[in-house]
Amino acid sequence: MEQVLELKNIHYTYHTLDGETPALTDISFSLNKGEFVAIVGPSGCGKSTLLSLIAGLITPERGLIKINGKYLRESTTNIGYMLQHDELFEWRTIYHNVLLGLEVQHMLSAKTRARAHELLDIYGLKNFEKSHPSELSGGMRQRAALIRTLVLEPDILLLDEPFSALDYQTRLTVGDDIGQIIRQEEKSALLVTHDLSEAVSLADRVIILSGRPAAIRQTIPLIFSLEQDTPLNRRNSPEFKNYFNLIWKELNCDE
Amino acid sequence: MNEFSKEQLNFLKGQKKHRRIVNISRVLILFSFLFLWEFSANVGWIDSFIFSSPSKIALCFWEMVTDRSIFLHIGVTLYETIISFILVILISVLAAVCLWFSKKLSEILDPYLVVLNSLPKSALAPLLIVWLGANRMTIIVAGMSVAIFGSILSLYTNFITVDPGKIKLIYTLQGSRLQALTKVVLPHSLPAIISNMKVNIGLCLVGVIIGEFLAARNGLGYLIIYSSQVFS
Ligand SMILES: Nc1ncnc2c1ncn2[C@@H]1O[C@H](COP(=O)(O)OP(=O)(O)OP(=O)(O)O)[C@@H](O)[C@H]1O
Ligand SMILES: [Mg+2]
């Protein structure tokens, strides 16, 4: 299978005046084209750090990251990074928020604008194009943030607990929603989450990290014998509970 | 569109009342301020030689209107205030942007800005005359000196309160630091820049008038000194 992302022996340490915090030790894994991988791990173990490294916001101390076979530095692959908070700008309308990435990358054209309108329409925000973020519900804001990422046509999506700011019910629907959107658009995605059931219902594979400094404890492929593999059907399947318990046990095995 | 519900009409009425209260209160505050000024000058709470009083100004104003010289004085002061105001805004936005770009620079300059800002600028006006001569430039510099350091500090302080997540967003979109400035920091700080301008136009006027007290042949500051000498 074609690998879009490859990490080899990644180490990262934060340095501050108070001392150093090792965050990641010897992380190696890869992401295949069109694959959806979830990363779970205890709070503060280094999950966001891992995504920041892949997005190129920080550079690893040791190890290498390859994207589509090229080193991260030389890679021209578009990586979409959806942060934990939607970070929509209140001084812009939803439509102009969605255009932000295009503006920053000087890609505004009639075609990309049309694509923005189209995505807003498909994902139910057409009537809110002229609204400001504070007029939208949490789920709608999250969808707007996703569209802002998708309109750049990224090949790899990094999602950092994108649903954690939502209440439980919205989280289920928006999570399923966004999961479907990503599958429809055939993106390769890396999802960081606290929520095991979210991981099991959305991903093809779950990577379990140990506590800080994070190392990969185990990788669990998720295989469901379903006719229609949707998050909702997964939740109702018998395998769901088994996978949930397996990951839960793996996460808590040293406590 | 023209069909308003009862609630909407009530709301509009409420808004109208609100506006009326705001307007009346504004006028009221102006008059009570003038009254207090006049009163305290008459009673002697404040030195009318330096502070003058509304009645003295009004009397002199009328005299000046009749011989038309007032318009020259107002024009001169207005001109000097606007020039120093525009310079203050331009320089302080530029300086705050530089400080924001370089954390090192801002840390190095921070104590100097704090000290410069807390200097009694009006007391330095005579020094300015010695340095720059008794001309229009001195007065403009005096106007700027009152506002500029505080303006830089408050703008910079506002710049660095931007949510770091929003700046991180720009970087995740492969943006540069310059784009973080233009797309996030400046729009975020626009309200602060505007309120800063409101404060600064007043401060510049104060500075210009202080300058005119000492170094001018015309302008409102000169006029105040002149009239208090004539009437006191
Ligand atoms: N800028 C920083 N400077 C110093 N230490 C940091 C910095 N950012 C993170 N850390 C430390 O590195 C560790 C990993 O941080 P990270 O944000 O990657 O964790 P996380 O797994 O995303 O946590 P959470 O589940 O709470 O989101 C944390 O324990 C934190 O204390
Ligand atoms: Mg995190």
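In the block above lies the structure referred to throughout.
Structural notes, computed from the coordinates. (Residues numbered from 1 in each chain as written. Chains lettered and ligands numbered in written order. Predicted model: local features only at pLDDT ≥ 70, side-chain atom pairs only at ≥ 80, totals over all residues. Heavy atoms only, no water.)

**Some details on the site of ligand 1**
All names here are of chain A.
Consideration 1: Inspection of the region around ligand 1 gives Y14, T16, S43, G44, C45, G46, K47, S48, T49, E161, H194 and R212 as its neighbouring residues.
Consideration 2: Here R212 contributes a side-chain N or O atom positioned 2.7 Å from an oxygen atom of ligand 1.
Consideration 3: Among the elements of the structure, β1 (3-16) and α1 (47-54) are those that each provide at least two residues to the shell around ligand 1.
Consideration 4: The biggest single contributor to the shell around ligand 1 is α1, with three residues.
Consideration 5: The residue makeup of the shell around ligand 1, split by class, is two nonpolar, seven polar and three charged. (Near = heavy atom within 4 Å. Polar contact = N/O pair within 3.5 Å; in protein donor to acceptor, adjacent residues only side chain to side chain. Helix = DSSP H or I, 4+ residues; strand = E, 2+ residues; numbered from the N terminus. Nonpolar A, V, L, I, M, F, W, Y, C, P; charged D, E, K, R; others polar.)

**Here we look at helix α6 (residues 121-132) of chain B**
The periodicity of an α-helix, 3.6 residues per turn, causes residues three or four positions apart to be oriented the same way.
All names here are of chain B.
Consideration 1: Between its terminal C-alpha atoms α6 stretches 15 Å, which fits the 16 Å expected from twelve residues at 1.5 Å a residue.
Consideration 2: Turning to α6, its buried residues number three or more, namely K121, A125 and L128. Down the axis of α6, the buried set is contained in an arc of 85 degrees. They therefore lie on one face. What points out from α6, more than 90 degrees from its buried face, is the exposed set A123 and V130.
Consideration 3: Contact partners of the buried residues in α6: α5 (103-118), α7 (136-159) and α9 (177-215).
Consideration 4: Following α6 by one or two positions, G133 adopts a phi angle in the positive range, close to 85 degrees. (Expected span 1.5 Å × (residues − 1). Buried < 20%, exposed > 50% of the residue type's maximum accessible area, 1.4 Å probe, protein only. Arc of directions from axis to C-beta. Contact = heavy atoms within 4.5 Å.)

**Topic: helix α4 (residues 110-122) of chain A**
All names here are of chain A.
Consideration 1: If you check α4, its first and last C-alpha atoms are 18 Å apart, about what 13 residues at 1.5 Å a residue would give, namely 18 Å.
Consideration 2: Those residues of α4 that sit buried are T112, R115, A116, L119 and L120. One side of α4 holds all its buried residues, which, seen down the axis, span an arc of 135 degrees. For α4, the exposed residues set more than 90 degrees away from the buried face come down to A110 and K111.
Consideration 3: Looking at the buried positions of α4, the neighbouring elements they touch are α2 (94-98), α3 (100-104) and α5 (138-150).
Consideration 4: Looking at the residues trailing α4, positive phi occurs at G124, about 75 degrees.

**Digging into the pairing of strand β3 (residues 36-40) of chain A**
Residues and elements named next belong to chain A.
Consideration 1: With five of five residues buried, β3 lies mostly within the body of the structure.
Consideration 2: Side-chain alternation along β3 places F36, A38 and V40 on one buried face and V37 and I39 on a second face that is also buried.
Consideration 3: As paired elements, β3 and strand β9 (residues 205-209) share four bridges and run parallel to each other. Looking at β9, one finds that V40 is bridged to I208. (Pairing = 2+ DSSP bridges.)

**What to know about the pattern of salt bridges**
Residues and elements named next belong to chain A.
Consideration 1: The tally for this structure, following the rule as stated, stands at 15 salt bridges over all chains.
Consideration 2: Between D86 and R141 there is a salt bridge; the shortest N-O distance is 2.9 Å. Highlighted residues: D86 in the loop between β6 (79-82) and α2 and R141 in helix α5, separated in sequence by 55 residues.
Consideration 3: For D86, a relative accessible area of 12% puts it in the buried group.
Consideration 4: Between R183 and D204 there is a salt bridge, with the nearest N and O atoms lying 3.2 Å from each other. Here D204 lies in the loop between α7 (196-202) and β9 and R183 lies in helix α6 (residues 168-184), a separation of 21 residues in the sequence.
Consideration 5: With relative accessibility at 30%, the residue R183 sits in the partly exposed group. (Salt bridge = Lys/Arg side-chain N within 4 Å of Asp/Glu carboxyl O.)

**So, the packing of aromatic side chains**
Consideration 1: Within the structure shown, the criterion is met by seven aromatic pairs over all chains.
Consideration 2: With centroids separated by 5.9 Å and ring planes inclined at 40 degrees, the aromatic side chains of F33(B) and W37(B) adopt a geometry described as tilted. Within this pair, F33(B) and its partner W37(B) are both found in helix α1 (residues 6-43), separated by four residues, close to a single helical turn.
Consideration 3: Consider the rings of F39(B) and W45(B), whose centres lie 5.6 Å apart with planes at 85 degrees: the pair is edge-to-face.
Consideration 4: Looking at F39(B), the relative accessible area reads 36%, which means it is partly exposed.
Consideration 5: Judged by relative accessible area, which is 59%, W45(B) ranks as exposed.
Consideration 6: A connected cluster of aromatic rings, assembled from ring pairs, spans F35(B), F39(B) and W45(B).
Consideration 7: Positioned above the aromatic ring of Y71(A), the side-chain terminus of K66(A) is 5.3 Å from the ring centre. (Phe/Tyr/Trp six-rings, centres within 6.5 Å; stacked < 30°, edge-to-face > 60°. Lys NZ or Arg CZ within 6 Å of the ring centre and 35° of its normal.)

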